[in-house]
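Single-letter residue listing:
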Amino acid sequence: PYVAKDFLHPSAEAEKRQHKLKRLVQSPNSYFTGVKCHGCYQITTVFSHAQTVVQCGSCNQVLCQPTGGLARLTEGCAYRKKTD
């Protein structure tokens, strides 16, 4: 019987859908982001799954609200994933 799925070379999309521990190479779903405040344009590093309210260091404006999983960014805030 022929198997249509390649287990040794899965596509990047298929790997992303897998549970973090069942991927070919284990990797977390969380990441750090640089969030730019829309009031003073200062960049603050925020964890993607933050469990507390994150405020801007200079103007005390709320940057993100915690939810059950990913933190919800405030409207108007720009963000960029941080890389290694």
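Everything that follows concerns the structure shown earlier in this document.
We now turn to the structure provided with this report. (Residues numbered from 1 in each chain as written. Predicted model: local features only at pLDDT ≥ 70, side-chain atom pairs only at ≥ 80, totals over all residues. Heavy atoms only, no water.)

### A word on the overall build of the chain
The secondary structure content of the chain amounts to 1 helix and 6 strands. For the chain, the succession of helices and strands along the chain, N to C, is α-β-β-β-β-β-β. Here the C-alpha atoms of the chain give a radius of gyration of 18 Å, more than 25% beyond the 12 Å that 2.2 N^0.38 yields for 84 residues. Counting only C-alpha atoms, the chain reaches 65 × 20 × 20 Å along its principal axes. Residues classed as buried in the chain amount to 19% of the 84 residues present. (Helix = DSSP H or I, 4+ residues; strand = E, 2+ residues; numbered from the N terminus. Rg over C-alpha atoms; globule rule 2.2 N^0.38 Å. Buried < 20%, exposed > 50% of the residue type's maximum accessible area, 1.4 Å probe, protein only.)

### So, the pattern of salt bridges
A full pass over the atoms with the stated rule returns 1 salt bridge. Of the charged contacts in the structure, one is a salt bridge between R17 and E13, with a shortest N-O distance of 3.9 Å. You can see R17 and its partner E13 sitting in helix α1 (residues 12-17), 4 residues apart, about one turn around the helix. Assessed through its relative accessible area of 60%, E13 is described here as exposed. (Salt bridge = Lys/Arg side-chain N within 4 Å of Asp/Glu carboxyl O.)

### Quick notes on the layout of surface pockets
Considered as a void within the structure, the largest pocket measures approximately 170 Å³ in volume. Lining the largest pocket are K5, D6, F7, P10, S11, A14, E15, Q18, K22, R23 and L24. For the lining of the largest pocket, the residue count by class is 4 nonpolar, 2 polar and 5 charged. (1 Å grid on protein atoms, 1.4 Å probe; cavity = no way out; pocket = protein on both sides within 12 Å on 5 of 7 lines; lining within 4 Å. Points joined across faces, edges and corners; volume = space filled by probe spheres on them. Nonpolar A, V, L, I, M, F, W, Y, C, P; charged D, E, K, R; others polar.)

Honestly, that's just the spatial picture; any functional story needs more than this.
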